[in-house]
Amino acid sequence: MMQSPSSFIEDCKSCSYRELLKLRDELEAEVRAFEEHTYDPEMDLIKPSPETIYQCNLEYLSKLYALIAKKYNKEFHP
């Protein structure tokens, strides 16, 4: 089962700016793999489906970008 975007971002709030960038890169890599059809085809056999994971990752990224901006401003421009 996938986390809700709100729950996902709550789990990320204690992360540093650099940790958030690493997480962003991982999510973006998963999104690109789906869009380019380079993900493991066996993923089609699991639940949630790759399409659902893709949609969730996009929602996670939208929330994550806002948190990254907040962390950046807090850590580098207090």
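The structure presented is a predicted model; accordingly, all values stated were derived computationally and were not measured.

Considerations on the nonpolar core
- Grouped together as the largest cluster of nonpolar side chains are 17 residues, with contacts concentrated most on Phe-8, Ile-9, Cys-12, Leu-20, Leu-27, Leu-64 and Ile-68.
- At the level of elements, helix H1 (5–12), helix H2 (17–35) and helix H3 (50–76) are the ones that each hand at least two residues to this core.
- With 7 residues, H3 is the single largest residue contributor to this core.
- If near-sequence neighbours (up to four positions away) are discounted, Phe-8 is found in contact with Gln-3, Leu-23, Leu-27 and Tyr-60.

Notes on the side chain of Asn-57
- Structurally, Asn-57 can be placed in helix H3.
- Given a relative accessible area of 4%, Asn-57 falls into the buried group.
- Ignoring anything within four residues of it in the chain, the contact list for Asn-57 reads Leu-27, Glu-30 and Val-31.

Points about the pattern of salt bridges
- In this structure the tally under the stated criterion is 2 salt bridges.
- Close ionic contact of Glu-10 with Lys-13 constitutes a salt bridge, the shortest N to O distance being 2.8 Å.

Analysis parameters
Residues numbered from 1 in each chain as written. Predicted model: local features only at pLDDT ≥ 70, side-chain atom pairs only at ≥ 80, totals over all residues. Heavy atoms only, no water. Core = buried A, V, L, I, M, F, W, Y, C linked by side-chain atoms within 4.5 Å. Buried < 20%, exposed > 50% of the residue type's maximum accessible area, 1.4 Å probe, protein only. Helix = DSSP H or I, 4+ residues; strand = E, 2+ residues; numbered from the N terminus. Contact = heavy atoms within 4.5 Å. Salt bridge = Lys/Arg side-chain N within 4 Å of Asp/Glu carboxyl O.

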